[in-house]
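This is what each chain is made of:
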Amino acid sequence: MSPTDTAPAGDARPTGRRRAGGPPAAPRSDDRSGLRSAGRKPTTTILVTAILVIVAMYFLVPVYWVVINATKSTEDLFGTSGFWFGESFQLFENLRAVLTANNGIFPRWALNSVIYSGIGSVVATYFAVAAGYALAKYRFPGRRVVYAFVLGGVLVPGTAVALPLFFLFSSIGLTNTYWAVLIPQLVSPFGLFLSSIYASAAVPDELLEAGRIDGLGEMGLFHRLALPQLVPAIVTVVLFQFVAIWNNYFLPLVMLADEKLYPITLGLDNWRAQTDRLPEFYQLTVGGALLSVIPLAILILVLQRFWRGGLTEGSIKG
Amino acid sequence: MSRFTRRSALAGSGAALAAGLAACGPPSPGSVNADPTIPADDGPVTLTYWAWLKDLQKVADVYNASQDRIRVETTWIPGGNSGGYAKILSAVAAGGGPDIAQVELRQVPEFALAGALVDLTRYGFAERESLFDPGAVAQVKVGDSYWAVPQDTGPVATFYNREVLEGELGLEAPATWEDFHEVAGIVSEAGKSLISLDPSDGSHPIAWVMQSGAQWFRPEGDGWIVDMTGDASMRVAEFWDGIFAEGIIGTGYGSYTTPWYAAAADGNVLASISGSWSDALNETVPGGEGKWAVAPMPTWPDGYASGAHGGSSAAVLSTSQHPAEALEFLTWMCTDPVGVDAMIEYSGIGWSPAADYIGEVREQPSDFFSGQNYNEEVIVPMAQGQNLDWTWAPLMQRIQAMIGDGMTTAVNGEIPLADMFAETQTEIVSIMQDMGLNAEEAR
Amino acid sequence: MRSKSAPWILLAPFLLLFTTTMVVPIVMAIGYSFTKVERSGLLGESGMQNVFAGLDNYIAALTNVNFVESIGRMIIFGLVQVTVMIVAATALALLLETASAKWPAFFRATYFLPYGIPGVIATILWSFLYIPGLSPIVDVLSLVGIDIDFLAPEMVLWSIANIVTWTYTGYNMLIIIAQLKAIPGELYEAARLDGAGSWRVARSIQLPLIRPALMLTIIFSIIGTLQLFAEPRLLQTMSSGITSEYTPNMSAYAYAFQYNDIGMAAAQAVIIAISAFLLSAVALGINSWMEKRR
């Protein structure tokens, strides 16, 4: 895990096209400056920026709406313009109602989402990276079959599997438990592909040979030599899987009956479903939506640069 | 060595595959209605109850306090079609459902077909039948079996904005369908809508034909006769085809949806012809207090006074270990005046399922509805004028969806309801046969 | 010897889970799809059994107008939505990568933001902007004389498309930007020496080189389109245009848990999976055909 391991391997990467993954930020800015000097006219800048601002407004409108309207009473929600504050300002009353409704079910949903996504993404990534590394760095009979098999898995829509999976799980009594949602999301065929492509380039055979000569076991090679090289791929797969689990709706919908096991998506949907009959749930839904958007928004803004780093690797296989 | 393991692994997975295909039938429900009945327990019993009624636990608490043998614990689930049914059915399929679940009346046979319900006839429901409103109990009966306990019903009535309809436009709530046609036309000319229907909501046409005297699904022996093209159905179809062709009612959204409330508050939609449970929803029309009133459902010269629209049952699920206790509790909840009053007060149920008891608060005049004592004056006769011959089919979700789709195409002027009814009848019979049931079209 | 078992040990956890959560369910679904139930009595109370149905379920599914329409709807949806989204994502990526863009980091983050918002919550947010009486957008548009009902039957499909586009455009844009950044600086340099403007650079250098990334996003978008479920399901209670069989997935779900016809649900799930395969193969085929033509 020492930084000295990383540096030479980074240099040993076969080509420059994987640059986006790691430290070499300098040549990137060179690309840009090359282009920058090409077309810098004030009118173009204004025009382009204007377009970008308008597009940004489109992406921010729903978020803006929820921030404004989480401060309103139900009456103002319907009675005043959605683009500006109402007569009442009861953001904190609304948020307190969200957090305390039904004996604090909302924090519980949030916690569940964190559990599903946190555990699911880390474990799924570990399994996918181990398998991807094995496919990339070992030549063994059956390798192609496994590849083809898993490629099929990428292409099968998850929802097509969820229904039969429900019957399978219900026959062994797993439905309506944390496991029912967790287990299926421990598999990331996409993560396997990404990490195997990455590993074949980023983990040089010489490094593994040197490790063998030093007396490391095969598992030791993976854990102590390969994993540190694979960090960019690992980060990408974790993030990808985290968001995928966080956003999942169909699987928990099919698997879970007990409200206490719901992730936040299912829980909020539950509240929204009640607005039909009980208008007071509008405020809970709006407040709950606000609370679930804010932390994710911050997370996305912070982690956005990691995405930029990793996904190139996935696209190279195309 | 490695070759051997590979081959055996292949053989192993091949065997697993074959076993998978051989056992390829989906899980089927248990045979609970053929097993011996489960006798009442001697000791204390805890019943679990899933429903989307609000504050149902408060009703259960009244019961829990009244005796110490049976304890009822409730869990809120989303409304049936918003996910509640899927949840109940999947829990039963997984073998871990509650003892009791809320099931809409029209859905009861479908749940029975799924093997999810206990046949209450085997637990002595017939002796209790007289405690219930006949209009309610008729809806949980298929052939000679009772499949659930009715928990509330929705006799159809007209809820209307009296201030605008009578005061502003000088009209009256339509007493007959002929009046309805005329009134809707005048209201439409005034730039408003008498009612607004969601054409994809198939529950309305079903309530209309039921009132008209149709009997779409008739159990006969071991099979079903499907009859959607009799005179009682056809006059309804032709009537509404006319209304849609003239375009004199709103068809953008249904009653008590968000846009409906907005339009009702502005006095642009004037009425809803829907189940008696509409009263509570209607009372949330902003600024509607004192302006609205209730009138009977418009009628045909013959036929019944009203139809059934919505309403639920409390069904005992096949995974329950305590059906006898469940029935005991449900009989209390749905027929004892204390239970009925508690359901009205806390859960705001629709029309009382009890015989001769509508609930104490419903014997009072209503401030919202212009001081009218509408429950006794209007809803009671609607509840008493139900079509008791009607039986729900075990595929109402699909039928209602088909009727809803059909009404959508009828509103768009593509296929009239009259043709759609005939086509749907053929289709339903073939679906029922596909479901492994014995069914034929009426001749 | 050690290194012969090593890859399998590393693969084992993945393969085990992959088999139990994907292969076995798919095999089960295929099995179910060839069965149907026979009942005796009015409601099957006097007995029922599973019998082999041959291709009956498939024939019934493919002749079921609602199901076929739902597939057709998804194809139209996919053609329009995926195209709009990919074009928008590419355009935004190119704009952000030009010299003229100010504050590119801010805009990039803003456009990517919706990806972190689950489809369910995105739909809840947008539904508030669709519902007449609640939506300020509808209010503003009607002030300038445009009466629009985002939830009207013929409109709602595009309202759903908007939600999906809103959620994923930024994500696809990032993939494309990453690919753009991988273009060697020498190419730009050469183009500049040739006197090529930004438009020429985009057309003759950037677009051809981001083709692989575009292909990837298109295939994932196609699979995503076939899975469409949460958005229409949530909007169902608000729009009369959405039936419970509006998308192939909603249909399979309805058959499994509402109509309790598991054989049919399984057949539909299998058809959805096969369609995903076929559409992805078609997309790849078109790609390699275009490759050859160049």
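This structure is a prediction, so every number in the text was calculated from the model and none was measured.

**Quick word on the overall build of chain B**
- The helix and strand inventory of chain B stands at 17 helices and 12 strands.
- Considering only C-alpha atoms, chain B reaches an extent of 90 × 55 × 45 Å along its principal axes.
- The buried share of chain B, reckoned over its 443 residues, is 57%.
- In chain B, the proportion of contacts linking residues at least 24 apart, taken out of those at least 6 apart, comes to 77%.

**As for the overall build of chain C**
- Across its full length, chain C holds 13 helices and 2 strands.
- Here the C-alpha coordinates of chain C stretch approximately 85 × 75 × 35 Å along the principal axes.
- For chain C, with 294 residues in total, the buried portion stands at 57%.

**Quick word on the interface of chain A and chain C**
- Counting from both sides, the interface comprises 90 residues of chain A and, opposite them, 89 residues of chain C.
- At 17 residues, helix 15 (residues 281-316) of chain A tops the list of elements feeding residues into the side of chain A that touches chain C.
- Across the side of chain A that touches chain C, the residue classes break down as 58 nonpolar, 20 polar and 12 charged.

**Structural notes on the packing of helix 5 (residues 119-130) of chain C against helix 7 (residues 156-181) of chain C**
Residue and element names in this part refer to chain C.
- Where helix 5 meets helix 7, the closest approach of the two axes is 10 Å, and the angle between their N-to-C directions is 130°. When the axis of helix 5 is compared with that of helix 7, the two are oblique. Relative to helix 7, the crossing made by helix 5 is right-handed. In this structure, helix 5 contributes Gly119, Ala122, Thr123, Trp126 and Tyr130 to the contact, and helix 7 contributes Ser159, Ile163, Trp166 and Thr167.
- Each residue belonging to the contact of helix 5 with helix 7 can be placed in one class, and the counts come to 5 nonpolar, 4 polar and no charged.

**Quick word on the domain arrangement of chain B**
Residue and element names in this part refer to chain B.
- Segmenting chain B into domains produces domain 1 (12-153 + 308-378) and domain 2 (155-306 + 391-441).
- For domain 1 and domain 2, the distance between their C-alpha centres works out to 27 Å.
- If you look at the interface, domain 1 gives 27 residues, while domain 2 gives 29 residues.
- At the level of secondary structure, the elements contributing two or more residues to the side of domain 1 that touches domain 2 comprise helix 4 (108-113), strand 11 (308-316) and helix 15 (374-384).
- The greatest single-element share of the side of domain 1 that touches domain 2, amounting to 5 residues, is contributed by helix 4.
- When grouped by side-chain class, the residues that make up the side of domain 1 that touches domain 2 number 12 nonpolar, 12 polar and 3 charged.

**Focus on the interface of chain C and chain B**
- Taken together, the contact pairs 39 residues of chain C with 45 residues of chain B.
- Residue assignment for the side of chain C that touches chain B shows that the elements contributing at least two residues are helix 1 (2-32), strand 1 (35-39), strand 2 (48-52) and helix 13 (262-293) of chain C.
- Among the elements that make up the side of chain C that touches chain B, the one with the highest residue count is helix 1 of chain C (6 residues).
- Its residues assigned to classes, the side of chain C that touches chain B comprises 19 nonpolar, 13 polar and 7 charged.

**So, the nonpolar core**
- Judged by nonpolar contacts, the single largest core of 331 residues is most densely connected at Ala315 of chain B together with Phe14 of chain C.
- With 16 residues, helix 7 of chain C is the largest single contributor of residues to this core.
- Summarising the domain contributions, this core has at least three residues from each of domain 1 (12-153 + 308-378) and domain 2 (155-306 + 391-441) of chain B.
- Each residue touching Phe14 of chain C, except ones within four places of it in the same chain, is listed here: Phe127, Ala128, Ala130, Ala131, Val187 and Leu192 of chain A.

**Concerning the confidence of the model for chain C**
- A residue-level look at chain C finds 98% of positions with pLDDT of 70 or above and a mean pLDDT of 85.
- What the predictor reports for the complex is a pTM of 0.79 with an ipTM of 0.86.

**Here's the deal with the pairing of strand 10 (residues 292-296) of chain B**
Residue and element names in this part refer to chain B.
- Of all 5 residues in strand 10, 5 are buried, a share of seventy percent or more.
- Inspection of the sheet shows strand 6 (residues 149-161) paired to strand 10 by 5 bridges, in the antiparallel sense. Bridging across to strand 10, Phe159 finds its partner in Val294.

**Considerations on helix 7 of chain C**
All names here are of chain C.
- With 26 residues, helix 7 extends 37 Å from end C-alpha to end C-alpha; this agrees with the ideal 38 Å at 1.5 Å per step.
- Along helix 7, the sharpest kink reaches roughly 35°, centred on Tyr168.
- Burial of helix 7 is extensive: 23 of the 26 residues sit out of reach of the surface.

**Considering the environment of Ala93 of chain C**
Residue and element names in this part refer to chain C.
- The topology assignment puts Ala93 in helix 3 (residues 65-97).
- Accessibility expressed as a C-beta count within 10 Å gives 25 for Ala93, which makes it buried.
- A C-alpha to C-alpha distance of 52 Å links Ala93 and Ala53, two positions 40 residues apart in sequence.
- If we ignore the near neighbours within four places in the chain, the residues touching Ala93 are Met173, Ile176, Ile177 and Leu180.

**Looking at the sheet that holds strand 12 (residues 439-441) of chain B**
All names here are of chain B.
- Here we have 3 strands laid out as an open sheet, ordered 7-8-12, and mixed in their pairing. At either end of the open sheet lies a strand with only one pairing partner, and these are strand 7 (217-220) and strand 12. Between one strand and the next, the sheet's axes are offset by a mean angle of 25°, whatever the strand orientation.
- As defined by bridge partners, strand 7 adjoins strand 8 (residues 223-226) across 4 bridges and the pair is classed as antiparallel. Across the sheet, residue Arg218 finds its bridge partner in strand 8, namely Ile225.
- Sheet strands touched by helix 17 (residues 417-434): strand 8 and strand 12. Its angle to strand 12, the strand with the most contacts, is close to 165°.

What counts as what
Residues numbered from 1 in each chain as written. Chains lettered and ligands numbered in written order. Predicted model: local features only at pLDDT ≥ 70, side-chain atom pairs only at ≥ 80, totals over all residues. Helix = DSSP H or I, 4+ residues; strand = E, 2+ residues; numbered from the N terminus. Buried ≥ 20, exposed ≤ 12 C-beta atoms within 10 Å, placed from the backbone. Contact = placed C-beta atoms within 7 Å. Nonpolar A, V, L, I, M, F, W, Y, C, P; charged D, E, K, R; others polar. Axes fitted to C-alpha atoms, helices over the stretch in contact; angles between N-to-C directions. Parallel < 35°, antiparallel > 145°, perpendicular 65-115°, else oblique. Left-handed = near helix turned anticlockwise from the far one by under 90°. Domains from an automatic or database assignment. Core = buried A, V, L, I, M, F, W, Y, C linked by C-beta atoms within 7 Å. pLDDT = per-residue confidence, 0-100. Pairing = 2+ DSSP bridges. Expected span 1.5 Å × (residues − 1). Bend = angle between axes of the 7 residues up to and from the residue.

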